[in-house]
Amino acid sequence: MARPPETSAPDSAPLVAVYKAVLQKVLDKRPSGTRQRIAAALGKNRSFVSQITNPAYSTPIPAAHIEPILEICHFSPREREAFLEAYAAAHPRRQSPADRGPKLRARTLLLPDLGDPERNRRLDVLLDNVIRDLAALLEEDGDETAAP
């Protein structure tokens with residue numbers, strides 16, 4: 001049985017709507033296709049992006065998606081600050097996306113269509129894991145001091 005989508009606690013719904021309203025204002029100033037670029041960067045479909053960017057829905061934006069969204073939407077410093085403050089207020093127990101290690105940037109990777117949605121999904125997961133592991137390895141190398 002499929003799990004229902006993650007939603008925030010009922011009392012945090014108005015707080016979630018605040019940061020989504022900031023995001024929606026930013027998106028309204030961006031060219032068409034921005035939501036599709038977000039969907040591609042997150043590996044999600046456009047309807048998911050519509051749901052997490054619409055203040056009418058209480059579905060929170062997962063913390064892992066914040067940095068790519070900020071990068072793609074080109075928030076001004078003021079917009080970024082307002083969004084991150086509202087996000088922190090809505091999710092006080094989550095670590096701030098801005099404080100979670102190195103800044104990430106979104107890249108679109110064009111892959112062959114394998115002709116089967118399940119095989120395509122498995123390829124996407126495989127590449128996501130390779131990139132995540134590579135980034136962790138690079139981060140470890142940056143933490144070590146150079147040997148003489």
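That block above? That's the structure.
A quick note: this is a predicted structure, and the numbers were derived from the prediction, not measured.

1. Observations concerning the overall build of the protein chain
Within the protein chain, the secondary structure is distributed over six helices and zero strands. A burial count over the protein chain gives 26% of its 148 residues as buried. A sequence separation of at least 24 residues applies to 65% of the contacts in the protein chain between residues at least 6 apart. About 10,400 Å² of surface is accessible on the protein chain, with carbon and sulfur atoms providing 55% of the total.

2. Brief notes about a nonpolar patch on the surface
On the surface, a cluster of nonpolar side chains totalling about 280 Å² of accessible area is made up of Leu134, Leu137 and Leu138. Within the secondary structure layout, Leu138 lies in helix 6 (residues 117–143).

3. Structural notes on the pattern of salt bridges
Tallied over the entire structure, the rule returns four salt bridges. Two residues, Glu67 and Arg80, come together in a salt bridge whose shortest N-O distance is 3.5 Å. Residue Glu67 is located in helix 4 (residues 66–73), and its partner Arg80 is located in helix 5 (residues 77–90); the two are separated by 13 residues in the primary sequence. A residue is classified by how much of its surface remains accessible, and Glu67, at 6% relative accessible area, is buried. On the basis of relative accessibility, which here comes to 25%, the residue Arg80 falls in the partly exposed class. One salt bridge in this structure joins Glu118 and Arg121, with 2.7 Å as the shortest N-O distance.

4. Focus on the packing of aromatic side chains
Counted by the stated rule, this structure contains four aromatic pairs. Each ring, one from Tyr19 and one from Tyr87, has its centre 4.8 Å from the other, and the planes form 55°; the classification is tilted. Of this pair, Tyr19 sits in helix 1 (residues 13–28) while Tyr87 is found in helix 5, placing the two residues 68 residues apart along the sequence. Judged by relative accessible area, which is 0%, Tyr19 ranks as buried. Since its relative accessible area comes to 1%, Tyr87 is described here as buried.

What counts, and at which threshold
- Residues numbered from 1 in each chain as written.
- Predicted model: local features only at pLDDT ≥ 70, side-chain atom pairs only at ≥ 80, totals over all residues.
- Heavy atoms only, no water.
- Helix = DSSP H or I, 4+ residues; strand = E, 2+ residues; numbered from the N terminus.
- Buried < 20%, exposed > 50% of the residue type's maximum accessible area, 1.4 Å probe, protein only.
- Contact = heavy atoms within 4.5 Å.
- Areas by Shrake-Rupley, 256 points an atom, 1.4 Å probe, with all protein chains shown as cover.
- Patch = residues over 30% accessible without salt bridge, like charges linked within 9 Å, V, L, I, M, F, W, Y side chains within 5 Å.
- Salt bridge = Lys/Arg side-chain N within 4 Å of Asp/Glu carboxyl O.
- Phe/Tyr/Trp six-rings, centres within 6.5 Å; stacked < 30°, edge-to-face > 60°.

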